[in-house]
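Take a look at the letters that make up each chain.
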Amino acid sequence: MSTENSERIARVKVELGHRSYLIDISAGLLSQPIPSSVLEGVSKVVLISNKVVFPLYGERLCASIAAGGLSVESVVLPDGESHKDWHTLNLIFDALLTSASDRKTLLVALGGGVVGDIAGFAAATYQRGIAFVQVPTTLLAQVDSSVGGKTAINHPLGKNMVGAFYQPKYVLIDTDVLQSLPDREFKAGLAEVIKYGAALDVKFFEWIEGNIDALNQRTPAALAYAIRRSCEIKAGVVADDEFESSKEGGRALLNFGHTFGHAIETALGYGAWLHGEAVACGMAMAARLSAELGRISTADMQRVLDLIKRAGLVAELPPIAADTMLAHMSRDKKNEAGTIKLILLSTLGVSCIDATVSREALLAFLRRQRA
Ligand code: NAD
Ligand code: GLY
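What comes next concerns the included structure. Nothing here was measured: the structure is a model prediction, and the numbers come from that model.

### Quick word on the state of the cysteines
Simply put, disulfide is the name for a covalent bond between the sulfur atoms of two cysteines.
Part 1: Within this structure, the stated rule accounts for zero disulfides.
Part 2: A disulfide-free cysteine, Cys 352 has its sulfur positioned 20 Å from the sulfur of Cys 281, the nearest such atom.
Part 3: Using a relative accessible area of 15% as the deciding quantity, one classes Cys 352 as buried.

### Observations regarding the packing of aromatic side chains
Part 1: Considering all chains together, one arrives at seven aromatic pairs under this definition.
Part 2: Ring centres 6.0 Å apart and planes at 15° place the aromatic pair Phe 132 and Tyr 166 in the stacked group. Pair noted here: Phe 132 is in strand S7 (residues 132-136) and Tyr 166 is in the loop between strand S9 (158-165) and strand S10 (170-174), with a separation of 34 residues, a long-range link.
Part 3: On the basis of relative accessible area, Phe 132 is assigned to the buried category, the value being 1%.
Part 4: With relative accessibility at 23%, the residue Tyr 166 sits in the partly exposed group.
Part 5: For the ring pair Phe 204 and Tyr 225, a centre distance of 6.2 Å and an interplane angle of 70° mean the geometry is edge-to-face.

### Topic: the layout of surface pockets
Part 1: Here the second largest pocket defines a volume of roughly 350 Å³.
Part 2: As for the second largest pocket, its lining consists of 18 residues, and the residues nearest its centre are Arg 19, Ser 20, Tyr 21, Pro 168 and Lys 169.
Part 3: Residues that form the lining of the second largest pocket fall into these classes: 11 nonpolar, four polar and three charged.

### So, the site of ligand 1
Part 1: Neighbouring ligand 1 are 28 residues; Asp 79, Glu 81, Lys 84, Thr 137 and Thr 138 lie closest to it.
Part 2: Residue Thr 138 places a side-chain N or O atom 2.6 Å away from an oxygen atom belonging to ligand 1.
Part 3: Within the side chain of Lys 159, one N or O atom sits 2.8 Å away from an oxygen atom of ligand 1.
Part 4: Its free accessible area being 870 Å², ligand 1 has 92% of it covered by the protein chains.

### Re the environment of Pro 35
Part 1: Along the chain, Pro 35 falls in the loop between strand S3 (21-26) and helix H1 (36-39).
Part 2: Along the sequence, Pro 35 and Leu 172 sit 137 residues apart, while their C-alpha atoms lie 10.0 Å from each other.
Part 3: Once you skip the residues sitting within four places of it in the chain, Pro 35 turns out to touch Asp 24 and Tyr 170.

### Comments concerning helix H4 (residues 113-125)
Part 1: Over its 13 residues, H4 extends 18 Å from the first C-alpha to the last, a length consistent with the 18 Å expected when each residue adds 1.5 Å.
Part 2: Burial of H4 is extensive: 11 of the 13 residues sit out of reach of the surface.
Part 3: Regarding H4, the residues found buried are Gly 113, Val 115, Gly 116, Asp 117, Ile 118, Ala 119, Gly 120, Phe 121, Ala 122, Ala 123 and Ala 124.

### Remarks on the site of ligand 2
Part 1: Around ligand 2, the neighbouring residues are Asp 144, Lys 150, Lys 234, Arg 251 and Leu 254.
Part 2: Lys 150 places a side-chain nitrogen or oxygen 2.9 Å from an oxygen atom of ligand 2.
Part 3: At a separation of 2.6 Å, an oxygen atom of ligand 2 approaches a polar side-chain atom of Lys 234.
Part 4: Compared with its free state, where it exposes 200 Å², ligand 2 has 90% of that area covered by protein.
Part 5: Tallied by class, the residues present in the shell around ligand 2 amount to one nonpolar, no polar and four charged.

Conventions adopted
Residues numbered from 1 in each chain as written. Chains lettered and ligands numbered in written order. Predicted model: local features only at pLDDT ≥ 70, side-chain atom pairs only at ≥ 80, totals over all residues. Heavy atoms only, no water. Disulfide = S-S within 2.5 Å. Buried < 20%, exposed > 50% of the residue type's maximum accessible area, 1.4 Å probe, protein only. Phe/Tyr/Trp six-rings, centres within 6.5 Å; stacked < 30°, edge-to-face > 60°. Helix = DSSP H or I, 4+ residues; strand = E, 2+ residues; numbered from the N terminus. 1 Å grid on protein atoms, 1.4 Å probe; cavity = no way out; pocket = protein on both sides within 12 Å on 5 of 7 lines; lining within 4 Å. Points joined across faces, edges and corners; volume = space filled by probe spheres on them. Nonpolar A, V, L, I, M, F, W, Y, C, P; charged D, E, K, R; others polar. Near = heavy atom within 4 Å. Polar contact = N/O pair within 3.5 Å; in protein donor to acceptor, adjacent residues only side chain to side chain. Areas by Shrake-Rupley, 256 points an atom, 1.4 Å probe, with all protein chains shown as cover. Contact = heavy atoms within 4.5 Å. Expected span 1.5 Å × (residues − 1).

Just geometry here; none of it tells us what the structure is for.
If you want it as structure tokens, here you go:
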């Protein structure tokens, strides 16, 4: 991972050998020409977006791509997590096949994490894999989902259960687009920013504590730093453990808050709680469990809870029966041979995989949260 700062564009590189790629971050980037290296060898571009984002930014991005001399077709998907499924994925394949898209077609995902994950999975599987570019438009997608190559759709029995690791060719982050993001979505994105600090970088956690008001107000300078630092941290983790296979934790540590969070999302029905909202609550649960197990002090646990609340997020478990939570947590992708693996805090800014909490102990902990 390396970072460069030109006058305007912050540039983070995800180092993955011949699959390395750049993340460019700047205000106004949507109106700039796409780097020619990204468009080299491309026959045409198919822009994948949704019915909320396309009317806002589709035309601008199409014009920037067309300025490079390529034709652009658009596929506009229904909006929302409840559409992150086979049916919507098939809409992309229908469009690609109807327009005779070949292996040199470049997919460009313009939207939040839902569009990015589903378009990425389409790119991973169409004709056994075509190139794709991420243009994330939510805070969550800019700091997390557009980077690292996790692509997926949901299954009724589990979140992101069908997918592939498939890296994008380039990530274009225009920080201006965050100004049109609804408040609830913006706050959900802050959850993933807090995640990087709490689980991986105490200095960043302290910076977020000191700048949470500026972030809440969407101050451009604070946002630009939060996005760049989050991308740097994620790029480093992904470069070290792309396929989440490290025994020491590696990429799995990015799942801090997600074992509880995914269970909340699945139990409530996709879209009832936003992904970031569920992750925020999940981080609070993981911090509480870390404190109960004596891994972190009550004071550090409280700092995590306070920051979640100051970001306007909920730290209390919604009304889901403890055994329902446990059943969903049992299907987590990190689990092996029936053992539930949790990401817990060793100290603030340092996390670890814990496979020692028994199902009975976890059930009792979940029941106490509901008391
Ligand atoms: P989302 O994609 O549903 O976007 C949130 C809402 O904001 C949608 O209604 C969207 O249309 C709208 N929107 C997007 N950009 C906008 C803008 N600039 N202005 C106005 N409205 C805008 O949700 P999300 O939070 O971006 O992503 C959540 C998804 O990301 C989940 O499915 C989650 O599983 C996935 N995710 C994936 C990874 C990964 O590594 N691949 C990481 C984290 C989350
Ligand atoms: N969002 C977790 C990961 O990309 O690994």
